[in-house]
Amino acid sequence: MTDPKQAALDYHSHPIPGKLSIELTKPTTSAKHLALAYSPGVAEPCREIAKDPENAYLYTGKGNLVAVISDGTAILGLGNLGPLASKPVMEGKGVLFKKFAGINSVDIEVDAESPQAFIDTVARIADTWGGINLEDIKAPECFEIERALVERCSIPVFHDDQHGTAIVTAAGMLNALDIAGKSLDSARIVCLGAGAAAIACMKLLVACGARAENIFMLDRKGVIHSGREDLNQYKAMFATETERRTLDDAIDGADVFVGLSGPNLLSPEQLKTMAPNPVVFACSNPDPEIHPTDAKAARDDVIIATGRSDFPNQVNNVLGFPFIFRGALDVRATGINEEMKVAAVHALKDLAREPVTEEVLKAYDIDHLEFGRGYIIPTPLDSRLLDRVSSAVAQAAVDTGVARKPYPAHYPLTSVDGVYGG
Ligand SMILES: NC(=O)C1=CN([C@@H]2O[C@H](COP(=O)(O)OP(=O)(O)OC[C@H]3O[C@@H](n4cnc5c(N)ncnc54)[C@H](OP(=O)(O)O)[C@@H]3O)[C@@H](O)[C@H]2O)C=CC1
Ligand SMILES: CC(=O)C(=O)O
Ligand SMILES: [Mg+2]
């Protein structure tokens, strides 16, 4: 059997290093072409953009170009390995942008000595892009970084680990609880992790109907409760009045576990103490808080999801960011607001309830898949996502007044070949 570690390294290094390259969109075979592409022809669009910056959307790739920017401080669940070590993940996000939504991207790994240095670096290059996807930046710094960049930039700035993850988690959670015969407004929720992804997920679950008083959030020191004096302002929003202190205390009787922390932190014994039909989203990458095989061995009524592509129920922001940016770029939205996020939640949730296509069955080499315990959320290889999520996001942008262009005439999108319309 192929060693998975070696297979992953080979995939990244052969036949050429890396996962992305840049293609040309114009002919370049003659001197005439070169005189248009470069000197002297290139001066004409330069003059037009100098007259009106909006012309950059007409004469350059800006409108379909997203920067994937990280400082490498929270690479998946691997921690702070520095900017360069984050490059394979950032290239990976670029692969997903292109494959699933036809969006070009460039990854940028910033070696910044402070959050302010990072903000200034990104703000100075912001006009180059149609949007900025911030990635794998640790909490609490990520919150101020995103806030400052949203304020300084006139294009969508979106911290994927916060909002992409939250959107997909909320969609999967609404479906999973429905299947379990429970509802978000009465579910008792344990969230292990209190960082970028965890805080955003719990905020969006509350916006979708969960009760803040029903949520126990934990960091490395245990339950975030009102008696703690070491909480930053983001954790403090989830401080509860409780005597529970440890994961053992919090998980007892809980309906839901959301893991956005690190590997192997939920034991089968702890899972056994949860309420009937527990919903477990063990979303740490690459290694979940509990392995699905161990979870199912511990109890057969569990509905389990992970962030990985090699198990059913992949709750991962790959289902969000490509299509959210597609919709936002196509109406030239100035930002990605709460209404656009909620629209994406419902588009994802609803698509999972439709019959699965042959294309998906083939891609996953299975005969059958239907809405239920083993299928709570669409798979990333479902090509209907492009239309469903992008159009919902674009419509919400138009409806809420952040779109600078009308709802796209070339929608619905049936494939990435159609993203330029025409
Ligand atoms: N499936 C998906 O789509 C996504 C999954 N994730 C996963 O979520 C995890 C966190 O990512 P992110 O939020 O970006 O990172 P952050 O660095 O912002 O947050 C990490 C959080 O995890 C907590 N944590 C770490 N180890 C433990 C532990 N042993 N016990 C309790 N809490 C712990 C930290 O606690 P403290 O505050 O005390 O340091 C911190 O609150 C990663 O594993 C990542 O792969 C993230 C985004 C998307
Ligand atoms: C999926 C992702 O973005 C993460 O684990 O950080
Ligand atoms: Mg990430």
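Counting from 1, residues in each chain are numbered in the order their sequence is written. Starting at A for chains and at 1 for ligands, labels are handed out in the order in which the entities are written. Whole-chain, interface and lining totals are the exception, using all residues; otherwise, since this is a predicted model, local features are given only for residues with pLDDT of at least 70 and side-chain atom pairs are given and counted only at 80 or more. To get the side-chain values, all heavy atoms of the structure are used, and hydrogens and water are removed first.

- In the annotation of an unreviewed UniProt entry, the entry for the protein chain reads NADP-dependent malic enzyme, and the organism field reads Onishia taeanensis.
- UniProt positions are given in the numbering used here, feature names are shortened, and annotations may be inferred rather than shown by experiment. Annotation of the protein chain in UniProt includes, under Sequence similarities (unreviewed entry), the sentence "Belongs to the malic enzymes family."

**Quick notes on the overall build of the protein chain**
Then comes step 1: Labels follow the DSSP assignment, with helices taken as runs of H or I lasting at least four residues and strands as runs of E lasting at least two, numbered in each case from the N terminus. Counting its secondary structure elements, the protein chain contains 17 helices and ten strands.
Then comes step 2: Exposure is judged per residue with a 1.4 Å probe applied to protein chains only, and the accessible area is read against the type maximum: over 50% gives exposed, under 20% gives buried, and values in between give partly exposed. For the protein chain, with 422 residues in total, the buried portion stands at 50%.
Then comes step 3: Note on definitions: a residue-residue contact is assigned when non-hydrogen atoms from the two residues lie within 4.5 Å. Residue pairs at least 24 apart in sequence account for 67% of intrachain contacts in the protein chain once pairs closer than 6 positions are excluded.
Then comes step 4: On the protein chain, roughly 19,700 Å² of surface is accessible, and the fraction owed to carbon and sulfur atoms is 55%.
Then comes step 5: Only four residue types enter the charge count: Lys and Arg as positive, Asp and Glu as negative, with His and the chain ends excluded. Note on charges: their place is set at NZ of Lys, CZ of Arg, CG of Asp or CD of Glu. Of the side chains in the protein chain, 40 bear a positive and 56 a negative charge, and the two mean positions are spaced by 3 Å. The Shrake-Rupley method, run with a 1.4 Å probe sphere, supplies the accessible areas, and residue values consider only the shown protein chains as cover.

**Brief notes about the UniProt feature "binding site: a divalent metal cation" (unreviewed entry) in the protein chain**
Then comes step 1: In the numbering used here, UniProt assigns the feature "binding site: a divalent metal cation" (unreviewed entry) to Glu135, Asp136 and Asp161. Spanning 27 residues, the annotated positions come together in the fold, the maximum distance between their C-alpha atoms being 6.5 Å.
Then comes step 2: As for its placement among the helices and strands, glutamate 135 is situated in the loop between strand E3 (131-134) and helix H7 (141-152).
Then comes step 3: With residues up to four places along the chain from it excluded, the contact list for glutamate 135 reads Val68, Ile69, Ser70, Asp71, Met90, Lys93, His159, Asp160, Asp161 and Asn317.
Then comes step 4: With respect to the secondary-structure elements, aspartate 161 resides in helix H8 (residues 160-179).
Then comes step 5: Residue classification places aspartate 161 among the buried residues on the basis of a relative accessible area of 14%.

**Some words on the UniProt feature "binding site: (S)-malate" (unreviewed entry) in the protein chain**
Then comes step 1: The UniProt feature table records "binding site: (S)-malate" (unreviewed entry) at Asn285 and Asn316. What stands out for the annotated residues spanning 32 residues is how close their C-alpha atoms remain, the widest pair being 9.3 Å apart.
Then comes step 2: Excluding anything up to four places from it in sequence, asparagine 285 contacts Leu76, Gly77, Leu78, Gly307, Arg308 and Asn316.
Then comes step 3: Its location among the elements puts asparagine 316 in the loop between strand E10 (303-306) and helix H14 (321-330).
Then comes step 4: In this structure asparagine 316 touches Val168, Asn285 and Gly307, once residues within four positions along its chain are discounted.

**Observations regarding the sheet that holds strand E6 (residues 215-219)**
What holds strands together in a sheet is hydrogen bonding between their backbones, with the strands either parallel or antiparallel.
Then comes step 1: Read from one edge to the other, the open sheet built from six strands follows the order E7-E6-E5-E8-E9-E10, with strand pairing classed as mixed. Since the sheet does not close on itself, it has two edges, and those belong to strand E7 (222-223) and E10, each with one partner.
Then comes step 2: When DSSP finds at least two bridges between two strands, those strands are taken to pair. As defined by bridge partners, strand E9 (residues 279-282) adjoins E10 across four bridges and the pair is classed as parallel. Bridge pairing links phenylalanine 281 to alanine 305 in E10.
Then comes step 3: Axis definition: a line fit to C-alpha positions, over the contact stretch in the case of helices; interaxial angles, taken between N-to-C directions, run 0 to 180 degrees. Set on the sheet, H8 makes contact with strand E8 (256-259), E9 and E10; between it and E9 the angle comes to about 155 degrees.
Then comes step 4: Together, strand E5 (189-192), E6 and E8 form the strand contacts of helix H9 (residues 196-207), whose direction differs from that of E6 by roughly 175 degrees.

**Observations concerning the pattern of salt bridges**
Then comes step 1: Whenever Lys or Arg places a side-chain nitrogen within 4 Å of a carboxyl oxygen from Asp or Glu, that contact is recorded as a salt bridge. The tally for this structure, following the rule as stated, stands at 29 salt bridges.
Then comes step 2: Here arginine 147 and glutamate 151 are joined by a salt bridge, their closest N and O atoms 2.8 Å apart. Note that arginine 147 and glutamate 151 are positioned in helix H7 at a spacing of four residues, about one turn of the helix.
Then comes step 3: Residue classification places arginine 147 among the partly exposed residues on the basis of a relative accessible area of 44%.
Then comes step 4: Judged by relative accessible area, glutamate 151 falls into the exposed class, the value being 61%.
Then comes step 5: Among the ionic pairs, aspartate 382 bridges to arginine 384, the shortest N-O distance being 2.7 Å.
Then comes step 6: Aspartate 382 sits in the buried class, given a relative accessible area of 2%.
Then comes step 7: A cluster of three or more residues bridged by salt bridges with shared partners is formed by Asp219, Lys221, Arg228, Asp230 and Lys235.

**Focus on the coordination of the magnesium ion (ligand 3)**
Then comes step 1: Only N, O and S atoms count as donors, using a 2.8 Å limit from the metal and a wider 3.2 Å limit for Na, K and Ca, and since water is excluded some coordination spheres may look unfilled. Those protein atoms acting as donors to the magnesium ion (ligand 3) are Glu135 (OE), Asp136 (OD) and Asp161 (OD), and they sit at 1.9 to 2.1 Å.
Then comes step 2: Taken in chain order, the donor set of the magnesium ion (ligand 3) reads E-D-x24-D. Aspartate 136 matches glutamate 135 in its accessibility class, with the two residues each being buried.

**Overview of the site of ligand 1**
Then comes step 1: Consider each residue's heavy atoms; a residue with any of them within 4 Å of a molecule or strand counts as near. Around ligand 1, the structure places 26 residues, and the nearest of them are Ala194, Ala197, Arg220, Lys235 and Ser284.
Then comes step 2: One nitrogen or oxygen atom from the main chain of alanine 194 is found 2.8 Å from an oxygen atom belonging to ligand 1.
Then comes step 3: Within the backbone of alanine 197, one N or O atom sits 2.9 Å away from an oxygen atom of ligand 1.
Then comes step 4: Isolated, ligand 1 exposes 920 Å² of accessible area, and the fraction of that covered by the protein chains is 85%.
Then comes step 5: Where the shell around ligand 1 is concerned, the elements lending two or more residues are H8 and H9.
Then comes step 6: Following the grouping adopted for this structure description, the nonpolar residues are Ala, Val, Leu, Ile, Met, Phe, Trp, Tyr, Cys and Pro, the charged ones are Asp, Glu, Lys and Arg, and the polar ones are all others, Gly among them. Here the residues of the shell around ligand 1 are counted per class, giving eleven nonpolar, ten polar and five charged.
Then comes step 7: Both domains that furnish three or more residues to the shell around ligand 1 are identified here as domain 1 (26-155) and domain 2 (162-422). In protein, a polar contact requires one atom able to donate a hydrogen and another able to accept it; more generally it is a pair of N or O atoms within 3.5 Å, and residues adjacent in sequence count only if both atoms are side-chain atoms. Note that domain bounds follow an automatic or database assignment of domains.

**Focus: the sheet that holds E3**
Then comes step 1: One open sheet accounts for four strands, arranged E2-E1-E3-E4; its pairing is parallel. Bordering the open sheet on either side are strand E2 (104-109) and strand E4 (157-159), each of which pairs with just one other strand. With direction set aside, neighbouring strand axes in the sheet form an average angle of 20 degrees.
Then comes step 2: Across three bridges, the pairing between E3 and E4 is parallel. Paired with asparagine 133 across the strands is phenylalanine 158, a residue of E4.
Then comes step 3: Against the sheet, H14 touches strand E1 (65-70), E3 and E4, its axis set at about 160 degrees to E3.

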